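Fold and contact review
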Amino acid sequence: MSDAILKVEGVIKNFGGFRAVGGPDGLTFNVPRGGFLGLIGPNGAGKSTTFNLVSGVLKPSEGRVVLEDKDLSDCKASDIAGLGLARTFQTPRAFPSLTVLENVMVGVSHTNEGPFSAMLGNWRQSDGELREKAQAALAKVGLHGHEDDEVGNLSGGELRMLEVARQLVREPKVFLLDEPTAGVDPTLQQKLASLLADLHAAGTTLIVVEHNLAFLLNLADRVVVLQNGALLAEGAPDEIRRNPDVVAAYLGADHEA
Ligand SMILES: Nc1ncnc2c1ncn2[C@@H]1O[C@H](COP(=O)(O)OP(=O)(O)OP(=O)(O)O)[C@@H](O)[C@H]1O
């Protein structure tokens, strides 16, 4: 595919003697620019490991990841972030000593000044533009009104949305979200669905790992299914819903996604 913004080419990841990603031939798939890819599969299929390989948290044992024609093999995670790729983690992370708003402001300012500088209050307090962007990002994830809250007072679902806002404020070209609806209440899930649809409409490339298939398959335009680290199926959501291999391995005969 010529207009692929991201290419995963024959990637294998071994942990000791265990192959977590790649299967016999290596994992290969492309993500078109502006596409919305759902990455699904049973527990332990290799979804989070694939995210770690794409975002540079882990290096492939074999194969390579290419972002906008740049081979990421020699790039650190921070370099890849600088190229416009953002991700959330399955377990949300936040700076406990900063307010909700400050946590989002750090999402942008840390690339220049370091989170420790931010924690000491040394960032440009006068940077009204950054503050406004952070406030807008919080509103988009349904956390308007929580700006001055301590992070410790947020629910698990709100913490997950805070992490989305922290990455959103960086205006990524490619945005990876790892199980964004886990522990999130229906109201915030609705906000998240609108946000993802808006980002998709605006041309952001999205890759989302999710066990909530009803949520994901309504939003994604393409789906990659992993099983035991290998590609089991790839196609449009409707094809995936009907694919007998996917139904047998993951969805189950009475699925409602
Ligand atoms: N650092 C590691 N060392 C050893 N094995 C690992 C490591 N990280 C992941 N694994 C193993 O690799 C396999 C894939 O794990 P991964 O977390 O990528 O799966 P997943 O599809 O994201 O699962 P889940 O849906 O449960 O989050 C699992 O068997 C896991 O135990």
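Going along each chain's sequence as written, the residues are numbered from 1 onward. Side-chain atom pairs in this predicted model are given and counted only at pLDDT of 80 or more, local residue features only at pLDDT of at least 70, and totals for whole chains, interfaces and linings cover all residues. Note that water and hydrogens are dropped before the side-chain values are worked out from all heavy atoms of the structure.

An unreviewed UniProt entry lists the protein under the name ABC transporter ATP-binding protein, with Pacificispira spongiicola given as the organism.

Turning our attention to the overall build of the protein. Only DSSP runs of H or I with at least four residues qualify as helices, and only runs of E with at least two residues qualify as strands; both kinds are numbered from the N terminus onward. Assigned secondary structure in the protein consists of 10 helices and 11 strands. Burial statistics for the protein: of 257 residues in total, 49% are counted as buried. Summarising the internal contacts of the protein: among those between residues at least 6 apart in sequence, 66% fall at separations of at least 24. Where accessible areas are quoted, they stem from the Shrake-Rupley method and a 1.4 Å probe; at the residue level, only the protein chains shown are allowed to cover. Accessible surface, the protein: about 11,600 Å² in total, of which carbon and sulfur atoms supply 48%. To sort residues, take the accessible area from a 1.4 Å probe on protein chains only and compare it with the maximum for the residue type: under 20% means buried, over 50% means exposed, and anything in between is partly exposed. By definition, residues are in contact when any of their heavy atoms lie within 4.5 Å.

Turning our attention to the site of the ligand. Any residue with a heavy atom lying within 4 Å of a molecule or strand is counted as near it. Around the ligand lies a shell of 14 residues, among which Gly44, Lys47, Ser48, Thr49 and His211 are the nearest. His211 is positioned with one of its side-chain polar atoms (N or O) 2.8 Å from an oxygen atom of the ligand. In the complex, 62% of the free accessible area of the ligand, which totals 640 Å², lies under the protein chains. Elements supplying a minimum of two residues to the shell around the ligand: strand 2 (18-21) and helix 1 (47-55). Looking at the shell around the ligand, the element that brings in the most residues is helix 1, giving three residues. Only Asp, Glu, Lys and Arg are considered charged, only Ala, Val, Leu, Ile, Met, Phe, Trp, Tyr, Cys and Pro nonpolar, and every remaining residue, Gly among them, polar. Within the shell around the ligand, the residues separate by chemical class into five nonpolar, seven polar and two charged. N or O atoms closer than or at 3.5 Å make up a polar contact, with two conditions inside protein: a donor-capable atom paired with an acceptor-capable one, and, for residues adjacent in sequence, both atoms drawn from side chains.

The next thing to look at is the packing of aromatic side chains. Each Phe, Tyr or Trp ring, with Trp reduced to its six-membered ring, pairs with another whose centre is within 6.5 Å; inter-plane angles below 30 degrees give stacked pairs, above 60 give edge-to-face pairs, and intermediate values give tilted ones. Inspection of the entire model under this criterion finds zero aromatic pairs. Comment: the charge-over-ring label is applied if NZ (Lys) or CZ (Arg) is within 6 Å of the ring centre and within 35 degrees of the ring normal. Against the face of Phe89 rests Arg87, its NZ or CZ located 3.9 Å from the ring centre. The side chain of Arg93 reaches across the aromatic face of Phe89, ending 3.8 Å from its centre.

Note that an α-helix has 3.6 residues per turn; residues three or four places apart therefore point the same way. Here, expected helix span is obtained from the residue count minus one, scaled by 1.5 Å. Given a rise of 1.5 Å per residue, 13 residues ought to cover 18 Å, and the 18 Å separating the end C-alpha atoms of helix 5 (residues 128-140) matches this to within 8%. Of the residues making up helix 5, those classed as buried are Leu130, Ala134, Ala137 and Leu138. Down the axis of helix 5, the buried side of the element spans an arc of 100°, and every buried residue falls inside it. Away from its buried face, by an angle of more than 90 degrees, helix 5 presents the exposed residues Glu129 and Glu132. Backbone geometry just after helix 5 places Gly142 at a positive phi near 85°. As used here, the arc is the angular range of directions from the helix axis to the C-beta atoms.

The predictor reports its confidence for every residue as pLDDT, a score running from 0 up to 100. For the protein, the average pLDDT comes to 90, and 90% of its residues sit at 70 or higher. Here the predicted complex scores 0.91 on pTM and 0.97 on ipTM.

Okay, the pairing of strand 11 (residues 230-235) next. Two strands pair if DSSP finds at least two bridges between them. With five bridges joining them, strand 10 (residues 222-227) and strand 11 adopt antiparallel strand pairing. Opposite Gln227, over in strand 11, you have Ala230 as the bridge partner. Here strand 10 hands over to strand 11 after two residues, with Asn228 in that stretch at a positive phi of 50°.

Across the sheet, which stays open at both edges, the six strands sit in the order 7-8-9-4-10-11 with mixed pairing between neighbours. Strands at the two margins of the open sheet, each flanked by one partner only, are strand 7 (85-87) and strand 11. In this sheet, neighbouring strand axes are inclined to one another by 15° on average, regardless of whether the strands run parallel or antiparallel. Fitted lines through C-alpha atoms serve as axes, helices being fitted only where they are in contact, and the angles separating the N-to-C directions of these axes extend from 0 to 180 degrees. Sheet contacts for helix 6 (residues 156-168): strand 7 and strand 8 (174-178); angle to strand 8, the most-contacted strand, approximately 165°.

Phi at Asp69 is positive, roughly 70°, even though this residue is not glycine. Tracing the backbone shows Asp69 in the loop between strand 5 (62-67) and strand 6 (70-71). On the basis of relative accessibility, which here comes to 66%, the residue Asp69 falls in the exposed class. Non-glycine residue Glu171 carries a positive phi angle of around 50°. With respect to the secondary-structure elements, Glu171 resides in the loop between helix 6 and strand 8. For Glu171, a relative accessible area of 56% gives the class exposed.

With that settled, the discussion passes to the packing of helix 5 against helix 6. Direction vectors running N to C along helix 5 and helix 6 enclose 140°, while the axes themselves pass 9 Å from each other. One finds that helix 5 runs oblique with respect to helix 6. In terms of crossing hand, the pair formed by helix 5 and helix 6 is right-handed. Residue-level inspection shows Ala137, Leu138 and Lys140 of helix 5 in contact with helix 6, the latter providing Leu162, Ala165 and Leu168. Of the residues assigned to the contact of helix 5 with helix 6, the class counts are five nonpolar, no polar and one charged. The labels follow the angle: roughly parallel below 35 degrees, roughly antiparallel above 145, roughly perpendicular from 65 to 115, and oblique for the rest. By the definition used in this description, the sense in which the near helix is turned from the far one sets the handedness, with an anticlockwise turn below a right angle giving left-handed and a clockwise turn giving right-handed.

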